Amino acid sequence: MNEVEQRLTTINHLKLTTRARNVLLAENIETIEQLTLLTGNDLLKIDDIGRKTLKDIKTELAVLNLRLKG
């Protein structure tokens, strides 16, 4: 899968907890691209996303050679 395909893939492709996935979906963050347009601070402002969840998100993005903005 190339980078463009990765970015257009839904966040369901990431190995996140169900809770983390549901929180992101509730915030209308449905694709990996939408996720990579956010900073860590943007994510920490979302209720129910803490440092551990942020670390998990960063780790999953790193597997795809992607990262958060900033």
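See above for the structure.
Residues numbered from 1 in each chain as written. Predicted model: local features only at pLDDT ≥ 70, side-chain atom pairs only at ≥ 80, totals over all residues. Heavy atoms only, no water.

Q: Could you give me a rundown of helix 5 (residues 51–63), with the residues and numbers involved?
A: For helix 5, spanning 13 residues, the distance from its first C-alpha to its last is 19 Å, which sits close to the expected 18 Å at 1.5 Å a residue. Every buried residue of helix 5 is listed here: Thr53, Leu54, Ile57, Glu60 and Leu61. End-on view of helix 5: buried residues confined to an arc of 125°, all on one side of the axis. Opposite the packed face of helix 5, turned more than 90 degrees from it, sit the exposed residues Arg51, Lys52, Lys55 and Val63. (Helix = DSSP H or I, 4+ residues; strand = E, 2+ residues; numbered from the N terminus. Expected span 1.5 Å × (residues − 1). Buried < 20%, exposed > 50% of the residue type's maximum accessible area, 1.4 Å probe, protein only. Arc of directions from axis to C-beta.)

Q: So what's going on with the nonpolar core? Which residues, and what values?
A: Grouped together as the largest cluster of nonpolar side chains are 18 residues, with contacts concentrated most on Leu14, Leu24, Leu35, Leu43, Ile57, Leu61 and Leu68. Look past the residues within four positions of Leu68 in its chain and what remains in contact with it is Leu35, Thr36, Leu38, Thr39, Gly40, Leu43, Leu54, Ile57, Lys58 and Leu61. (Core = buried A, V, L, I, M, F, W, Y, C linked by side-chain atoms within 4.5 Å. Contact = heavy atoms within 4.5 Å.)

Q: How would you sum up the environment of Lys15? Please name residues and give values.
A: Here Lys15 lies in the loop between helix 1 (3–8) and helix 2 (18–26). A relative accessible area of 71% means that Lys15 is categorised as exposed. Placed 45 residues apart in sequence, Lys15 and Glu60 show a C-alpha to C-alpha distance of 6.6 Å.

Q: Give me the lowdown on the pattern of salt bridges, citing residues and values where you can.
A: As enumerated under the stated definition, the model contains one salt bridge in all. Asp56 serves as the salt-bridge partner of Lys52, at 3.2 Å between the closest nitrogen and oxygen. Here the residue Lys52 and the residue Asp56 both occupy positions in helix 5, the gap between them amounting to four residues, near one helical turn. Residue classification places Lys52 among the exposed residues on the basis of a relative accessible area of 61%. Taking the relative accessible area as the measure of exposure, Asp56 reaches 28% and is therefore partly exposed. (Salt bridge = Lys/Arg side-chain N within 4 Å of Asp/Glu carboxyl O.)

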